Amino acid sequence: MKGEAEASALASGALTAQGLLARCAARLETENPRLNAVVLPCLDEAARSAAESDARRGAGGARGPLDGLPFTVKDNLHVGGLRATWGSRLFADNIAPEDDLCVARLRAAGGVLLGMTNTPEFALATHTSNALFGATRNPWDTTRVPGGSTGGGAAAVAAGIAPIALGTDAGGSIRLP
C-alpha cells in the first residue's frame, strides 16, 4: 500500500491510524538501520497523533483523506520544536521555532508526523549523503544511494516506512530519487 490506498483504507475503516502507524513503525525498525532514511524518528508524537485521528474518525469528524496518514519531512523543512539541520554539522543543534507552512497544513489535515528524513548538506547535491548523518541507501540496491536531495524521503516511501514524504525541489531533488 502506498499513500492513496492507505488513505482509502483509513476512510473505509478497514485500517485504523494506530494500526497503520504500527506497520510503519515496524518497517522503520527493520528497514531504517540498513537504509538510514529517517534521521529523527518521532514515534511518541506519532502515537499521540494517530490516537487523536482514530478518535476523530470514530466520532465521525475526520479532517479529510489525510487524517491518520503517517508522513515524513525532509530535514531542510521546519517542524516546530525539532531539529532542522539541513544535513549540516553547522546546524546540528538548530531547533525550528515553528512549522513551515506545508508541515502545518499537513498536520492540520490530520497527518501523523513519523520523522525527519536525510538530505545532503544544505540540500545541494544529487546524492543523499552528508557528514552529519551519513549516506542513505537505496532500498532496492544498498550499494547505491538515492538521488538527492529528497533521497531520504524517497527511500522511506519505497521501503514502506511511510506512505508519503514531504520534500523540496530546486533542481531535481524530488525528481532524481
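Colleague: Help me understand unusual backbone geometry, please; the structure alone is not making it clear to me.
Modeller: Most peptide bonds take the trans configuration, and most residues that are not glycine carry a negative phi. In this structure, the amide linkage connecting G148 to the following residue, S149, adopts the cis form with an omega of 10°. By secondary structure assignment, the location of S149 is in the loop between strand 5 (134–135) and helix 5 (151–158). Despite not being glycine, N36 has its phi angle at roughly 60°, a positive value. Residue placement: N36 occurs in the loop between helix 2 (17–35) and strand 1 (38–41).

Colleague: Quick question: what am I supposed to make of the packing of aromatic side chains here?
Modeller: Geometrically, a pair of aromatic rings is defined through the distance of the ring centres and the angle of the planes. Tallied over the entire structure, the rule returns 1 aromatic pair. Ring centres of F91 and F122 lie 6.0 Å apart, and the angle between their planes is 85°; on these two criteria the pair is classed as edge-to-face. A residue pair is termed long-range when its members are at least 10 positions apart, and F91 in the loop between strand 2 (70–74) and helix 4 (101–108) and F122 in the loop between strand 3 (112–117) and strand 4 (129–130) qualify at 31 residues. Given a relative accessible area of 34%, F91 falls into the partly exposed group. Residue classification places F122 among the partly exposed positions, given a relative accessible area of 28%.

Rules used throughout
- Residues numbered from 1 in each chain as written.
- Predicted model: local features only at pLDDT ≥ 70, side-chain atom pairs only at ≥ 80, totals over all residues.
- Heavy atoms only, no water.
- Helix = DSSP H or I, 4+ residues; strand = E, 2+ residues; numbered from the N terminus.
- Phe/Tyr/Trp six-rings, centres within 6.5 Å; stacked < 30°, edge-to-face > 60°.
- Buried < 20%, exposed > 50% of the residue type's maximum accessible area, 1.4 Å probe, protein only.

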